[in-house]
Amino acid sequence: MKKIIIVLIALIAIGVSIGAVSAEGFSFSFGSESNSDGGDISINNDKLSLQGIDFKVPAGFKENESARMVANATEAFGEKCKVSGTEFYNNETNFIVQVFFADDGDFNDLKVNNATNQTIAGHQGFVTEKEGRTLFDYVVDGKIVEINSPDQQTLESILKA
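Before going into details, it helps to say that this report is about the structure given with it. (Residues numbered from 1 in each chain as written. Predicted model: local features only at pLDDT ≥ 70, side-chain atom pairs only at ≥ 80, totals over all residues. Heavy atoms only, no water.)

### So, the nonpolar core
Judged by nonpolar contacts, the single largest core of 22 residues is most densely connected at Leu48, Phe55, Val97, Ile147 and Leu159. Counting residues per element, the ones that place at least two in this core are strand 2 (40-44), strand 3 (47-50), strand 4 (53-56), strand 7 (93-102), strand 10 (133-140), strand 11 (143-149) and helix 2 (152-158). No other element matches the 3 residues that strand 7 contributes to this core. Filtering out sequence-adjacent residues up to four positions away, Ile147 remains in contact with Phe55, Ile96, Val97, Thr134, Leu135, Phe136, Leu155, Ile158 and Leu159. Counting 9 residues, the second-largest nonpolar core is a separate cluster that includes Phe100, Phe107, Leu110 and Ile144. (Core = buried A, V, L, I, M, F, W, Y, C linked by side-chain atoms within 4.5 Å. Buried < 20%, exposed > 50% of the residue type's maximum accessible area, 1.4 Å probe, protein only. Helix = DSSP H or I, 4+ residues; strand = E, 2+ residues; numbered from the N terminus. Contact = heavy atoms within 4.5 Å.)

### A short note on the pattern of salt bridges
Pairing between side chains of opposite charge can happen when the charged atoms of each approach one another. Counted under the stated rule, the structure contains 3 salt bridges. Note that Asp54 is salt-bridged to Lys47, the shortest N-O span being 3.5 Å. On the basis of relative accessibility, which here comes to 42%, the residue Lys47 falls in the partly exposed class. (Salt bridge = Lys/Arg side-chain N within 4 Å of Asp/Glu carboxyl O.)

### Describing the pairing of strand 6 (residues 79-90)
When strand 5 (residues 62-76) meets strand 6, the two strands line up antiparallel, connected through 9 bridges. Residue Lys62 lies in a different strand from strand 6, and its bridge partner there is Tyr89. Relative to strand 7, strand 6 runs antiparallel, the two sharing 10 bridges. When the bridges of strand 7 are listed, Ser84 appears paired with Val99. The antiparallel hairpin formed by strand 6 and strand 7 contains 2 residues in its connecting segment, where Asn91 sits at a positive phi of about 55°. (Pairing = 2+ DSSP bridges.)

This is the structure:
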């Protein structure tokens, strides 16, 4: 009789555990997030995927999860749009990657004031030096990518996905 009670308790515990996992929604993707507004972000090892665009996270950098944005409404580049992005840090330095996407269509053209037209890691865009930082903006798949980096070397390593 004791054995039957122990087996029943074990089965109930297993059932409760499976039910809790099922209700949570199983996912094997580390650090992934999405929402119904079309935003998505995932980080797996040293690979950042943001709005379907891949980036490399340089060695030693960790995500500042409190800085993560997924499809936040904003106005940028002269249009109402949404932005997804995140920040990574390593000791005293950081970089920020953001992807802007239009509510009703694609960004087809990008104009950045006081910027230099430059191709970095195969991406043609605009470089701006601002407050000792390097900003790089470019268009891919109708979305505008903006990387705010401490220097050009870090920027290049981020784009080598």
